[in-house]
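Each chain, written out:
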Amino acid sequence: MPTSETSCTPEEHTVYDVIIWDPLTASSNLALWCPLCAECSGLNRTLKATRWKDGKTTCDQPRRLYGLTNNALLVSRVYVCDQRHQIIAHDPAVLSQVQDVFFIPFLLFHKVGITRELHGFIVSHANAGLTISEIQTLWLQTMYDVYGLRRAAHLSACTANSKLCTSYPEFEQRFQNPGEKVIASCIAGNYFKKEHLYTKRMVYVFANFNYTVTPFYTLNQVTALKVNSSSLWKLL
């Protein structure tokens, strides 16, 4: 319950979520191997936990992730082997060693990253037939709805403490919306992960339905596939 000492600053309602990622110390039975030692000398040297990517120095900044209802900061542990190789806990070589042990709550691309929650949101709506632009719009509306709840919570806290409300920051779309490339990467990644299932289904469909390939040209000179049975699209 708010008290007279409760702060009413907008910052309390606009902070990012934080993901703490340190799989090595999360399990006493887990051993992680240095990928650089394995690549250079073929030896398996264990990693030990050292500092955090927590923003204390310019070299140790956390990764920023897009989220479904709020953006997040990925604060990862830094590991080191006896050869002084430094490996970040979210390095792909480390993630590949723990993916069968821990649920990985994020997905990283070259420059940006997203939470698994947002990834599931994107893939689910893409499977439902929404376009990339429609997914962007729906995601942005979801983010804006939560922004409204946080703003209302700020005003409520000020009222409960009989304090004058300071101005609440405006919703800044340019810092929220992931680009089309990020959404497209999620859709493509999900497809390639399940490519064998799609291939199996296509083999079944083409083996059980009559079809003809009819070339015709649009303005983009695209060759299209004309299917004689409308039932085919229901299966796909």
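Before any of the text, the structure's been laid out above.
Let us look at the structure shown here. (Residues numbered from 1 in each chain as written. Predicted model: local features only at pLDDT ≥ 70, side-chain atom pairs only at ≥ 80, totals over all residues. Heavy atoms only, no water.)

**Some remarks on the packing of aromatic side chains**
Counting across every chain of the model gives three aromatic pairs. Ring centres of Tyr191 and Phe192 lie 5.3 Å apart, and the angle between their planes is 70°; on these two criteria the pair is classed as edge-to-face. (Phe/Tyr/Trp six-rings, centres within 6.5 Å; stacked < 30°, edge-to-face > 60°.)

**Observations concerning the pattern of salt bridges**
Following the criterion strictly, the structure yields five salt bridges and no others. Here Asp22 ties to Arg77 by a salt bridge, and the two come within 3.0 Å at their closest N and O atoms. Here Asp22 is found in the loop between strand 1 (17–21) and helix 1 (23–26), whereas its partner Arg77 is found in strand 4 (residues 72–80), with 55 residues between them in sequence. Arg45 serves as the salt-bridge partner of Asp82, at 3.4 Å between the closest nitrogen and oxygen. Taken together, the residues Asp82 in the loop between strand 4 and strand 5 (86–88) and Arg45 in the loop between helix 2 (35–40) and strand 2 (48–52) connect sequence positions 37 residues apart. Exposure remark for Asp82: the relative accessible area of 58% places this residue in the exposed category. (Salt bridge = Lys/Arg side-chain N within 4 Å of Asp/Glu carboxyl O. Helix = DSSP H or I, 4+ residues; strand = E, 2+ residues; numbered from the N terminus. Buried < 20%, exposed > 50% of the residue type's maximum accessible area, 1.4 Å probe, protein only.)

**Comments concerning the side chain of His119**
Secondary-structure assignment places His119 in helix 4 (residues 116–127). In contact with His119, other than residues within four places in its own chain, are Leu107, Ile114 and Cys186. (Contact = heavy atoms within 4.5 Å.)

**Quick word on the pairing of strand 3 (residues 63–66)**
Here strand 3 runs beside strand 4; their pairing, made up of three bridges, is antiparallel. Residue Leu65 lies in a different strand from strand 4, and its bridge partner there is Ala72. Of the pairings in the sheet, the one linking strand 3 to strand 7 (residues 113–115) comprises two bridges and is parallel in character. Its bridge partner being in strand 7, Tyr66 is matched across the sheet by Ile114. (Pairing = 2+ DSSP bridges.)

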